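Listed below are the residues making up each chain.
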Amino acid sequence: MSNEPAPTVHEAPGAEGYRADIEGLRGIAVSLVVAYHATLPGITGGYVGVDVFFVLSGYLITGILARQIERTGHLDILRFYARRVLRLLPAATLVLVAVLIASLIFLGSLEQIDPTASSIAVSLYGGNMFFMLRATDYFAPSSELSPLLHTWSLAVEEQFYFFWPVLVLLGFRFGKSRRGLAILMTVFTVLSFVGSVWLTYKKQAWAFFGTPARAWEFGIGGLASLLGATSLLQLRRVAPILGWLGLMLIFGGAFLLTPQTQFPGWAALLPAVGTTFALIAGASGAGWAGTVMTAPILQWLGKRSYSWYLWHWPVIVFARTLHLADTTVLRMGWMLLALLLAFLTTKFFENPIRFHASFRGRPARTLFAGAACTVAAASISIVLNRQAVAKGGDLYAAAHDLSPITTKGCETDFNQSAPTECVFGDTASAKTIVLFGDSHAAQWFLALNELALRNHFRLVTEIKYSCPVARVQVFNTVLNRDYSECREWRELVFKRLALLKPSFVIVAHASRGSDKSKPKDGVRDTVTYAEWSDGFRSSLQTMDSLGLRTIFIRDTPRMTEASPTCLSRALKEKKGTAHCGRERSSALPEETYRGELAALNAFPNNRAVDFSDNICLPARCEAERDGLVVYRDTGHLTVKYVEHLSPIVERR
């Protein structure tokens, strides 16, 4: 996430010089983000600080461009981009290099793949696209502990800088005035907002990380910057009210929204409109709200907000990875360390480069230096990424050992309800078996396909990731909402089973269950043991009413950390692999399984198969067994290990 510098000349609409209220809003924005990532109690929506920065950037950049066109009749585009390069690139490059160095020092070869891969995208101004694709890929490693995850917002702003000058120039060319630009910008902003609301429900990651769905936030700030002196004078009487209302909306978003909120969509109006009100109030005379925004501490933080934002996330991620941030006090300590790094970066690196005489008035030289820096950073990242992949060896292969169902595209996508059906085994056979469930069913495909081939069965797959066979309400973390597509898909599969009339149905899914009831919002993926058992019984009853025989494969024991990653770090630290295992009693959800067995036993045509003894030792579940990596993550078996179990699967 970037934000414009504290302006020194002509950087604020309606004012000739420095805008202390804007600096204060920067301080508020970065403080909210940092507090959220430090998991301070109550600040469940502190991520709205990013939206505050987006509106600020739209406000400042639009004002700069509009005034330049009004004064000169054209845009000095080289000078514009040179200023952006000097503002953004030095600190961002420093942090990126620091992340790469820290990765080489603290992380195993497999763990180094993520920061080196993401740094390639970040160097080329596409970090948001990288993390968007990662978020929508069920089998991609989680980005939760990616040290460069926060740079998605920087990429959004950089992409905004590419197209926004063209929009402003077109507005003046065809509209002949600020009014014409305002009309064009209003249309653009409304279209972007409508798209954001739609995508937030359909493909939330696209709305969250995508520039088109975020552009309206820059647009609303840009519209505020176009208010003329007359309009601002007319608003002076209500400016104090607008100022307080703006701050209330920003802080309301920080305290009322949660990670489960459908965001951005409608919810993003809270910080976006709030920031816009605060900016208008600041330009008109904000009263006591202006006093808050111009508080000395917020001014100090605002001047260092960009660097603090860049440093805070990598610092907390490496601390968490090394298990050094387990308490709120520790996390706050790491945030203060990040602030110290931000102070040093701003004083001794960012500002000296930004204001160096070598770049003053020389935009071509600045852009050339920026391009050279970009190429160097991307090249170094590519080399380090290839080295990390090569060093990963068998562990890298294990982490990417996906079921053929995935590689053949035989799973139903998250936002689809119609079953994606594939046929394997002896496809000409009149006898059919069906594999029904989620990714924990798909992992058994190779063994079941071999069984089907040898015994002349036609194998039909009905797979939808993150969707259990049990009739329970599911919250999908990719869509960030209630998983209605799962309910619809499940019922359509039951109808399909009635037509297929298989010899038997093999059912498997990621078993769930908790001794806690659902939160009041009713959308979390929390299911009690009783709810899970009842939901499974309901599904089994439907299949029993169709005259189907069901074989249920007990869920895979779960590890606390992805096995290849843990083994990679153990290798780097020259430790044994034993600590990558887990006690069997905690790896197997016994209470959930008892409920599943009770549901199965209610119908005579059902039986359960438990391969836990073939996966785990009597006391522990290990990351490696029989010379093979057992898991590719925390709960999915590698294809090689399933292949190893194939004879046992067929016998059972």
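Residues numbered from 1 in each chain as written. Predicted model: local features only at pLDDT ≥ 70, side-chain atom pairs only at ≥ 80, totals over all residues. Heavy atoms only, no water.

**A closer look at the state of the cysteines**
To keep things clear, this is the line we draw: Count a disulfide wherever a pair of cysteine sulfur atoms falls within 2.5 Å. A helix here means a DSSP run of H or I that spans at least four residues, while a strand means a run of E at least two residues long, and both kinds are numbered starting from the N terminus. Note on exposure labels: buried denotes an accessible area under 20% of the residue type's maximum, exposed denotes more than 50%, and partly exposed covers the range between, all computed with a 1.4 Å probe on protein chains only.
Summed over the entire model, instances satisfying the criterion amount to 4 disulfides. Shown here is the disulfide that connects Cys467 with Cys486, its sulfur atoms set 2.0 Å apart. Between Cys467 and Cys486 the sulfur-sulfur dihedral comes to about 85°; the bridge is accordingly right-handed. In this pair, Cys467 is assigned in the loop between β4 (458–464) and β5 (475–476) and Cys486 in helix α21 (residues 484–500), connecting sequence segments 19 residues apart. There is no split in this pair, since Cys467 and Cys486 are both buried. Here Cys566 connects covalently by a disulfide to Cys580, the sulfurs 2.1 Å from one another. One disulfide, between Cys566 and Cys580, carries an S-S torsion of -95° and so falls in the left-handed class. Pair noted here: Cys566 is in helix α23 (residues 563–572) and Cys580 is in the loop between α23 and β9 (582–583), with a separation of 14 residues, a long-range link. For the pair shown, Cys566 and Cys580 are each scored as buried. Look at the protein and number its bonded cysteines as they come in the sequence; the links are 1-2, 3-4, 5-6, 7-8.

**Regarding the confidence of the model for the protein**
This is how it is decided: The pLDDT value expresses, per residue, how confident the predictor is, ranging between 0 and 100. In what follows, a contact means two residues having at least one pair of non-hydrogen atoms within 4.5 Å.
Mean pLDDT over the protein stands at 91; residues scoring 70 or higher make up 95%. The secondary structure element of the protein with the lowest average pLDDT is helix α13 (residues 288–293), at 83, and the one with the highest is strand β3 (residues 432–437), at 98. Predicted confidence for residues 1–16 stays below pLDDT 50, and this span has 62 contacts to residues more than four positions away or in other chains. Within the model, the stretch residues 519–523 combines pLDDT values under 50 with 5 contacts to residues more than four positions away or in other chains.

**Overview of the packing of aromatic side chains**
Two measures describe an aromatic ring pair: the distance that separates the ring centres and the angle between the ring planes. To keep things clear, this is the line we draw: In summary, the pairing rule links any two rings of Phe, Tyr or Trp, Trp by its six-membered ring, whose centres are within 6.5 Å, and it sorts them by plane angle into stacked for under 30 degrees, edge-to-face for over 60 and tilted for everything else. Placement of a positive charge over a ring is assigned whenever Lys NZ or Arg CZ falls within 6 Å of the ring centre and within 35 degrees of the normal to the ring plane.
Within this structure, the stated rule accounts for 29 aromatic pairs. Judged by centre distance (4.9 Å) and plane angle (40°), the rings of Trp152 and Phe208 are tilted. Of this pair, Trp152 sits in helix α6 (residues 152–175) while Phe208 sits in helix α8 (residues 204–209), placing them 56 residues apart in sequence. According to the relative accessible area criterion, Trp152 is buried, its value standing at 6%. Across from the ring centre of Phe208, 4.8 Å away, lies the NZ or CZ of Arg214, which sits over that ring. Positioned over the ring face of Phe457 is Lys431, at 4.7 Å from the centre of the ring.

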